[in-house]
Amino acid sequence: MPAFFPNKTMQMIGEIELKIEILYRQYQTALTDGNIEKIIRFGESYFNALHNGEMTAEERELLQREVFNLTLKDKKK
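Residues numbered from 1 in each chain as written. Predicted model: local features only at pLDDT ≥ 70, side-chain atom pairs only at ≥ 80, totals over all residues. Heavy atoms only, no water.

K.L.:
What's the story with helix α3 (residues 57-76) in this structure? I'm lost.
P.N.:
Since there are 3.6 residues in each turn of an α-helix, residues three or four apart along the chain are aligned in direction. A rise of 1.5 Å per residue sets the reference length of α3, with its 20 residues, at 28 Å; its end C-alpha atoms lie 29 Å apart and thus fit the reference within 8%. Burial in α3 covers these residues: Glu 59, Leu 63, Val 67 and Leu 70. Seen from one end, α3 has its buried residues packed into an arc of 75°, which puts them on one side. In α3, the exposed positions angled more than 90 degrees off the buried face are occupied by Ala 57, Glu 58, Gln 64, Phe 68, Lys 75 and Lys 76. (Helix = DSSP H or I, 4+ residues; strand = E, 2+ residues; numbered from the N terminus. Expected span 1.5 Å × (residues − 1). Buried < 20%, exposed > 50% of the residue type's maximum accessible area, 1.4 Å probe, protein only. Arc of directions from axis to C-beta.)

Structure, rendered in structure tokens:
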């Protein structure tokens, strides 16, 4: 039976949480900057990281709405 290393496990959890936080910040920055390519890339990465590699249908719709709204905003300029 493999040994359980709580410190190592906690470290791994902390690293995952940090990665998700970084992806979230990158996604928010892309939304603020209006960079569609980065919104899609960081948005997909962020939502996938939240669910171990699989976005929910609601998150995919949210991401599509964000890009659509940005496109409309750009057309109004």
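K.L.:
It is not clear to me how helix α2 (residues 36-50) should be interpreted in this structure. Could you clarify?
P.N.:
Here α2 contains 15 residues, and its C-alpha end-to-end distance of 21 Å stays within 8% of the 21 Å for a straight helix at 1.5 Å per residue. Taken as a whole, α2 has its buried residues at Ile 39, Phe 42, Gly 43, Tyr 46 and Phe 47. Along the axis of α2, the buried positions cluster into a sector of 125°, meaning they face one direction only. With a side-chain oxygen lying 3.2 Å from the backbone nitrogen of Glu 37, the N-terminal cap of α2 falls on Asn 35. Asn 52, located one to two residues past α2, shows a positive phi value of around 55°. (Polar contact = N/O pair within 3.5 Å; in protein donor to acceptor, adjacent residues only side chain to side chain.)

K.L.:
What am I meant to see in the side chain of Glu 59 here?
P.N.:
As for its placement among the helices and strands, Glu 59 is situated in helix α3. The charged side chain of Glu 59 is buried without a salt bridge, its nearest counter-charge being Arg 60 at 8.1 Å. Not counting the four nearest positions on each side in its chain, Glu 59 is found in contact with Phe 47, Leu 50 and His 51. (Lys, Arg positive; Asp, Glu negative; His and termini not counted. Salt bridge = Lys/Arg side-chain N within 4 Å of Asp/Glu carboxyl O. Contact = heavy atoms within 4.5 Å.)

K.L.:
Would you take a moment to explain the packing of α2 against α3 for this structure?
P.N.:
Working note: a packed helix pair is described by the angle between its axes plus the distance between those axes. Contact geometry of α2 with α3 gives a least axis separation of 10 Å together with a crossing angle of 165°. Taken together, the axes of α2 and α3 lie roughly antiparallel to each other. Note that α2 runs across α3; the crossing there is right-handed. Judged by residue contacts, Ile 36, Ile 39, Ile 40, Gly 43, Glu 44, Phe 47 and Leu 50 of α2 engage Glu 59, Arg 60, Leu 62, Leu 63, Val 67, Leu 70 and Thr 71 from α3. Classifying every residue of the contact of α2 with α3 gives nine nonpolar, two polar and three charged. (Axes fitted to C-alpha atoms, helices over the stretch in contact; angles between N-to-C directions. Parallel < 35°, antiparallel > 145°, perpendicular 65-115°, else oblique. Left-handed = near helix turned anticlockwise from the far one by under 90°. Nonpolar A, V, L, I, M, F, W, Y, C, P; charged D, E, K, R; others polar.)

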